[in-house]
Amino acid sequence: EPEVTQTPSHQVTQMGQEVILRCVPISNHLYFYWYRQILGQKVEFLVSFYNNEISEKSEIFDDQFSVERPDGSNFTLKIRSTKLEDSAMYFCASSVEAKLFFGSGTQLSVL
Amino acid sequence: EDQVTQSPEALRLQEGESSSLNCSYTVSGLRGLFWYRQDPGKGPEFLFTLYSAGEEKEKERLKATLTKKESFLHITAPKPEDSATYLCAVQTYSGAGSYQLTFGKGTKLSVIP
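Just so it is clear, the structure is predicted and the values come from calculations on it, not from any experiment.

A. View of the side chain of R37 of chain B. Residues and elements named next belong to chain B. By the element assignment, R37 lies in strand β4 (residues 30-38). Under the relative-accessibility criterion, R37 is labelled buried at 15%. One polar contact links the side chain of R37 to the main-chain carbonyl oxygen of S83, over a distance of 3.3 Å. Aside from chain neighbours lying at most four places away, what touches R37 is G43, P44, E45, L47, E81, D82, S83, A84, T85 and Y86.

Right under this line is the structure:
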């Protein structure tokens, strides 16, 4: 069964460093998303991406964040200068329309 | 602002002891209500989508129902492998190009053998 793949599964970085989280969405999907989940809290929407542009973003998704679909298969989330509060599990998701499929996540730890 | 509240936060059941999880929501323009299962350290796994009040969906020991203000996830004769966090999420009409979900905090279910 097709699945959303995320790499790396764990990422440790120093505060102020840039990180790039990578995702390979399901191949025929058109909509792409990033969510995050801080330990013990709810899954929160960050950004949606459709037709090679951001279609919606939350208040969390500030100028430190950016997304890109550099080729036909990858979808990336970049955090330009990480902060301690960026430590969370980051999930990529994709959909044809309404039903979102999630990857297993990247656990980001900012020290 | 869309709000999703799940109860209880945690639920311990004996194997075979049926129960229900609740998800109440306040949204402007519900497109769909979703149930996901989340295992520790994993991403949400899709279970059901419900689109209109009165709709029901079933999968093995799970049955989801929807009213105008809440949804229930009924678990019949649960087994230890049903232990997980069950997430409820609402999808609203937010314009073209996005089907984003707003999640509740989840109910952590533990089924004891």
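B. Looking closely at the sheet that holds strand β1 (residues 5-7) of chain A. Residues and elements named next belong to chain A. Spatially, β1-β3-β8-β7 is the arrangement adopted by the 4 strands of the open sheet, whose pairing is antiparallel. What marks the edges here is a single partner per strand, and that holds for β1 and β7 (65-68). When strand polarity is set aside, the average angle formed by the axes of neighbouring strands in this sheet is 20°. Examined bridge by bridge, β7 and strand β8 (residues 75-79) share 4 bridges and lie antiparallel to one another.

Cut-offs and rules
- Residues numbered from 1 in each chain as written.
- Chains lettered and ligands numbered in written order.
- Predicted model: local features only at pLDDT ≥ 70, side-chain atom pairs only at ≥ 80, totals over all residues.
- Heavy atoms only, no water.
- Helix = DSSP H or I, 4+ residues; strand = E, 2+ residues; numbered from the N terminus.
- Buried < 20%, exposed > 50% of the residue type's maximum accessible area, 1.4 Å probe, protein only.
- Polar contact = N/O pair within 3.5 Å; in protein donor to acceptor, adjacent residues only side chain to side chain.
- Contact = heavy atoms within 4.5 Å.
- Pairing = 2+ DSSP bridges.
- Axes fitted to C-alpha atoms, helices over the stretch in contact; angles between N-to-C directions.

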